[in-house]
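Architecture at a glance
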There are 2 protein chains.
Amino acid sequence: MQITIRIITPQGQRQLQAVRGESLYSCLTRGGITLDAPCGGHCFCGKCKVQIEPAGTPGEQEAALLTPQEIAQGYRLACGVRVEQPMLVRLAQHQGEAVILAEDTAEQTQPCLRLAWTYAQIPAGTIDEPLGDRECLRQALGVDLVPLSVLKKLPDACRADQGRVSALLEGNRLVDIRPGHKEQPAYGLAVDIGTTTVVAYLVDLLTGRQLQAASMMNPQKSYGDDVISRIDYASESMAAMDTLRDKIVSGINELIGRLCRQQEISEDRIYRAVLVGNTVMIHLLAGVSPLNIARSPFIPAFTGALCMSPQESGLRIAPAACVYTLPNVASYVGADIVASVMASGLDEDDKLTLVVDIGTNGEMVLGNRDRMLACSTAAGPALEGAHISCGMGGVTGAISSVRRLGDEISCGVIGDTAARGLCGSGLVDAVAMLLDAGALDETGRLDPDEGPDGWASRFTCEGRNTIFKLMDGDPAVTLSQKDIREVQLAKGAIAAGIEVLARAYGAQVNDIKRVCLAGGFGNYIDRANACRIGLLPAALLDRIEGIGNGAGAGARMALLSEKEQDRAERLAGKIQYIELSAVKEFQDLFMDKMMFE
Amino acid sequence: MQITIRIITPQGQRQLQAVRGESLYSCLTRGGITLDAPCGGHCFCGKCKVQIEPAGTPGEQEAALLTPQEIAQGYRLACGVRVEQPMLVRLAQHQGEAVILAEDTAEQTQPCLRLAWTYAQIPAGTIDEPLGDRECLRQALGVDLVPLSVLKKLPDACRADQGRVSALLEGNRLVDIRPGHKEQPAYGLAVDIGTTTVVAYLVDLLTGRQLQAASMMNPQKSYGDDVISRIDYASESMAAMDTLRDKIVSGINELIGRLCRQQEISEDRIYRAVLVGNTVMIHLLAGVSPLNIARSPFIPAFTGALCMSPQESGLRIAPAACVYTLPNVASYVGADIVASVMASGLDEDDKLTLVVDIGTNGEMVLGNRDRMLACSTAAGPALEGAHISCGMGGVTGAISSVRRLGDEISCGVIGDTAARGLCGSGLVDAVAMLLDAGALDETGRLDPDEGPDGWASRFTCEGRNTIFKLMDGDPAVTLSQKDIREVQLAKGAIAAGIEVLARAYGAQVNDIKRVCLAGGFGNYIDRANACRIGLLPAALLDRIEGIGNGAGAGARMALLSEKEQDRAERLAGKIQYIELSAVKEFQDLFMDKMMFE
């Protein structure tokens, strides 16, 4: 029986369905909500604390990991809670950081793989015809390639049930063998390696069903927040390069382990993996130096797809599985964008469509089935909350929405907690509000005199830097003239990029029929305010849609279908990359687009 | 300038050519004489002790590792001796064990490989066409497959000399890349994994020249002397199986290291490896269970060839190299026999030829280019000195030849030392002598009364076991009635095997035009005496030739030529295996052939 669980996440509310008696921990992690509990939900570490209603009574072991005050406030360890009735779950402070967008709007792909289980009867070799097990199997199944890891299983598999075996074939290659004629599962893994977050999906390759998502912060983060600082670190030495590789590989292996434990399957049942990420992340995953990506003319070691063995890649899945990455377009338009384009359907549609993924770089593709152009704008991390005086990521304590009510300002804060800072969507709202209130002129200058009278006390000056107080507190959350300049740089770059693509395409911005926003920021942003500040063209407001984690969705499509994998290849080859630094008019457009309307 | 070094080895004399100033250690190991010095010739371990003339004066470090007595007797450490003049080297006791037959009569194969270096100019990606390094290289060279290990080298290789690179291609696969247009070497590795000994050959793949051989005792020996005891051990657990695999892999890696140090080349310049061995050795190398080889109906996990990556096989050679094993015919006719057949030329000749490899099993192939039959006789290890009261291997202290001079018996002893026992060739000589002297009747009974009068004192009895003293000493070297029975079992099995093959072929033994003896025993045996005791058919005496280590020669042929590798495949597929235990007449023939003439 399914029980509904309402979840108040930092980004809003969600619902999940639990099975009666299931642990809340298992239900949340299945839903892609990582609780980052080192003990893996075994009631050791006390890290999976959540506030629930009704709270019930913690068990002895669980109670020992909670303070009496926490218990009084309705806190429980998710791993200690059995779901017996509908409940409301509030995620605490740092759990918010792990709520990573693992959802998307893509439809489920129909599996279309050469990978298939087949039953066979392997005739045993005889004294007169002493063929090896492998040779008998080759004759019986018509397979050619038997990887060493599968060869090792043959003698036992062929003899356990009188020659009856279930064989997993991929064309003329044997991927796995099990004794007996039994229904066998086959799972796949799709991974989106973001610079900041990593999301992994476990998929049933036979039905196409997504079983579970799991996510984590990219463990390379301690070596630099953005791709350039990771490249710098990787370039220090071979050992540094290997460290970054080990970090991401063991991170993904941790996600694999988590997914498999939750689904109670064995890792060697994962027979196919497709990974996407930006070009630098894919280089680091493969252990290939990304050094030249950071140096003009910005040439990566490879742009196309990779095919690796699990051994080569270091991923702990079935040893005869294939590990693929989707192709990149250029140094700053990676496989994640290719995947987002697939998820958006841009490449199969007649309509002129714009796919935008706003992160540290604003990467975008404009086009339709006939022609596609891409560029990457160095938007900077302002819209992710970096380089902003009170900036922070979209986690608990961040102001994520801002509205003016007369002289009052109403701020929405992620999580039921005091505001600690301002995340990207709140920043866009705040700037739009200042514009509408007249306190910000078209050049981006904060002008206390032009704002509502009631706001006068909100303005202060620190030298030549004017500061606007958004919300009282200790410390207060403020927005400075310098912060506004950062926003102008970011939105100017993105808007100019869109304009350059449209012109190169021979179109007007207004000709764009659909704007697909990929990624977390694109999902949570107030679209009207994004248009108000000129981040996106105002004319396109009603054509904007969020596609969620398009990179993950595209990876799953390619995971489930070789046709989709081929599509990624064709698509990446077809996209024409425009390097903005080489476009003469870009600088003028950039200056122009930094202005407000 | 070349200096001649005469070497007294346990098996006789040899000569090697040294370069003036070279260390004696380096000269000996280059010549395939393993001194088993753990320090690798760096004057630490004192294990490479040899007796030389003239002895010269040891250096300080060297002298510290020798006793004054040893120095007085002319002992030196081979690693401390610089060769300045012709010298005579006597190998001490246990070094004899490492003198493994690495030589053969095969002609040098003309290299015929797809593997070839080519020069190319890789156009760099540009801002307008930001193709990855790999994609630029693919276009320039028309290659398709770029292994991950080579991809990692691309960014540097392409930029070190303005895009000029030397690329090693194998068809459409890139095997290595180096910056610049320079002549690049390419080496290959051939290995014969015997149950007792392992021999590795380093070959120049471009010229076909064999550069050096190195050998060692099979490090698996401590887990059992013969294949059956190794299978028993491997069947105990996965860990036991892995131990045997690790032993042989690290053994081969040690040989690779030794070969590369001697030739002053890097291991990652070895781009191709071909390994042979009996079916069990190949299973253990690949880490595949040989369990069913020991159980009727004796079906191995695989009979055909393997193709492994260096990563899979564990061999430390160029990471994009291919590691091949040659195909086996059946559980007891392995890739080593296939290689010996290639070396003998049996499969390309009209003449009816017999190839025999006498070890614990006597494996043999009879046929010509049209048809080939093979069998394996469980000859037992008597001819290797095992199961014989005074038996021993062909090492220092073994009586390797026996002749009668009137009432006297003259014994040749390996090494200038007291006789400790009897090796296979001495055993054959002794039995032949006893037969000729009439002291042994046709049923194999030792009869003191029928021998020369002067021999009376040589006979004693222990219960019902008559004992014949071959040589005085402490203890004396003797041959017992039981020993004779062991020889009868061995020679009966081999002779019956030859007879079965001939009959199955529809031929008379006398129709055989050529007998090729492969392996050490076949090389050192007195052929007339082997015929005298009925081990080999007397009618064929003048058609017997020793081909040396045919297995190693065949492996080198396949290493140097894909045509030869294909030939091994065809040949193995063509050989019809006859399981003697399933041949009705075998038992009768066996009983018959146990008799003497």
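Structure's up top.
A brief look at the structure comes next.

How each quantity is defined
Residues numbered from 1 in each chain as written. Chains lettered and ligands numbered in written order. Predicted model: local features only at pLDDT ≥ 70, side-chain atom pairs only at ≥ 80, totals over all residues. Heavy atoms only, no water. Pairing = 2+ DSSP bridges. Helix = DSSP H or I, 4+ residues; strand = E, 2+ residues; numbered from the N terminus. Axes fitted to C-alpha atoms, helices over the stretch in contact; angles between N-to-C directions. Buried < 20%, exposed > 50% of the residue type's maximum accessible area, 1.4 Å probe, protein only. Contact = heavy atoms within 4.5 Å. Polar contact = N/O pair within 3.5 Å; in protein donor to acceptor, adjacent residues only side chain to side chain. Disulfide = S-S within 2.5 Å. Salt bridge = Lys/Arg side-chain N within 4 Å of Asp/Glu carboxyl O. Phe/Tyr/Trp six-rings, centres within 6.5 Å; stacked < 30°, edge-to-face > 60°. Buried area = accessible area lost by both parts, 1.4 Å probe. Nonpolar A, V, L, I, M, F, W, Y, C, P; charged D, E, K, R; others polar. Least-squares fit on C-alpha atoms with pLDDT ≥ 70 in both.

Here's the deal with the sheet that holds strand β23 (residues 477-480) of chain B
Residue and element names in this part refer to chain B. Here we have three strands laid out as an open sheet, ordered β21-β22-β23, and antiparallel in their pairing. The open sheet has two free edges, formed respectively by β21 (459-462) and β23, since each of these has just one partner strand. Across the sheet, the mean angle from the axis of one strand to that of its neighbour is 35 degrees, orientation sign disregarded. Strand direction decides the pairing type here: strand β22 (residues 465-471) and β23, joined by four bridges, are antiparallel. The residue of β23 that forms the bridge with F468 is L479.

With respect to helix α16 (residues 550-560) of chain B
Across the eleven residues of α16(B), eleven count as buried, placing the element largely inside the fold. Where α16(B) is concerned, the buried positions are B:G550, B:A551, B:G552, B:A553, B:G554, B:A555, B:R556, B:M557, B:A558, B:L559 and B:L560.

As for the environment of A:D483
Residues and elements named next belong to chain A. Following the sequence through the fold, D483 ends up in helix α13 (residues 481-505). Separated by 95 residues in sequence, D483 and I388 place their C-alpha atoms 5.2 Å apart. Filtering out sequence-adjacent residues up to four positions away, D483 remains in contact with H387, I388, S389 and T478. For D483, the side chain forms a polar contact with the side chain of S389, separated by 2.5 Å.

A short note on the state of the cysteines
Across all of its chains, the model carries zero disulfides over all chains by this definition. Free cysteine: A:C158, not disulfide-bonded; nearest cysteine sulfur from A:C136 at 7.8 Å. A:C158 gets classed as buried once you look at its relative accessible area, which sits at 10%. For the unlinked cysteine B:C390, the closest cysteine sulfur is that of B:C411, found at 11 Å.

A short note on the pattern of salt bridges
All names here are of chain A. Enumeration over the complete set of coordinates arrives at 54 salt bridges over all chains. Between E84 and R20 there is a salt bridge whose closest N-O contact spans 3.8 Å. In this pair, E84 sits in the loop between β4 (75-77) and β5 (87-91) while R20 sits in the loop between β2 (12-19) and α1 (24-30), placing the two residues 64 residues apart along the sequence. When its relative accessible area of 42% is taken as the criterion, E84 is described as partly exposed. On the basis of relative accessibility, which here comes to 41%, the residue R20 falls in the partly exposed class. Put simply, R164 and D161 hold a salt bridge, and the shortest N to O gap is 3.1 Å. By relative accessible area, which is 29% here, R164 ends up partly exposed. Residue class for D161 comes out partly exposed when judged on its relative accessible area of 26%.

Considerations on the packing of aromatic side chains
Residue and element names in this part refer to chain A. The tally for this structure, following the rule as stated, stands at twelve aromatic pairs over all chains. Taking the centre distance of 4.7 Å and the plane angle of 40 degrees together, the rings of Y223 and Y233 count as tilted. Of the two residues, Y223 sits in the loop between β11 (210-217) and α7 (227-234) while Y233 sits in helix α7, which places them ten residues apart along the sequence. Assessed through its relative accessible area of 23%, Y223 is described here as partly exposed.

Remarks on the interface of chain B and chain A
Contact with chain B, which involves 39 residues of that partner, is made by 39 residues of chain A. Carbon and sulfur atoms make up 59% of the surface buried where chain B meets chain A, a total of about 3,300 Å² over both sides. Applying the counting criterion to the chain B and chain A interface returns zero salt bridges. Counting across the chain B and chain A interface gives 18 residue pairs in polar contact (both at pLDDT 80 or more). For the side of chain B that touches chain A, the secondary-structure elements that each account for two or more residues are α4 (133-141), α5 (148-151), α6 (154-160), β13 (306-308) and α10 (310-313) of chain B. Residues of the side of chain B that touches chain A, tallied by class, amount to 21 nonpolar, ten polar and eight charged.

Some remarks on the pairing of strand β5 (residues 87-91) of chain B
As a general feature of sheets, a regular strand has side chains that alternate between the two faces. Residue and element names in this part refer to chain B. The buried count for β5 comes to four of five residues, which makes it a mostly enclosed element. Strand direction decides the pairing type here: strand β3 (residues 49-53) and β5, joined by four bridges, are antiparallel. In the strand pairing of β5, E53 is matched with L88.

Here's the deal with the sheet that holds strand β6 (residues 115-121) of chain A
All names here are of chain A. Read from one edge of the open sheet, three strands run β6-β7-β8, paired in antiparallel fashion. Either end of the sheet is taken by a strand with one partner, and the two such strands are β6 and β8 (173-179). Taking each pair of neighbouring strands and ignoring which way they run, the sheet shows an average axis angle of 25 degrees. Looking at chain direction, strand β7 (residues 164-170) and β8 are connected through six bridges and run antiparallel. For L169, the partnering residue across the bridge sits in β8 and is L174. Running over the sheet, helix α4 (residues 133-141) touches β6, β7 and β8 and is turned about 110 degrees from β6.

What about the environment of A:A378?
By the element assignment, A:A378 lies in the loop between β17 (372-377) and β18 (398-405). Spatially, the C-alpha atom of A:A378 lies 27 Å from that of A:A200, the residues being 178 residues apart in sequence.

Re the relation of the copies chain B and chain A
The two copies are related by a screw motion: chain B maps onto chain A through a turn of 180 degrees and a shift of 0.1 Å along the axis, at an RMSD of 0.3 Å. The superposition of one copy onto the other is thereby described by a two-fold rotation axis. Across chain B, the smallest distance between a C-alpha and the rotation axis is recorded for B:Q311, namely 4.2 Å. Take the interface residues of chain B: 100% of them recur as interface residues in chain A, which is what a same-surface contact looks like.

The quantities given are spatial measurements derived from coordinates; they are silent on function.
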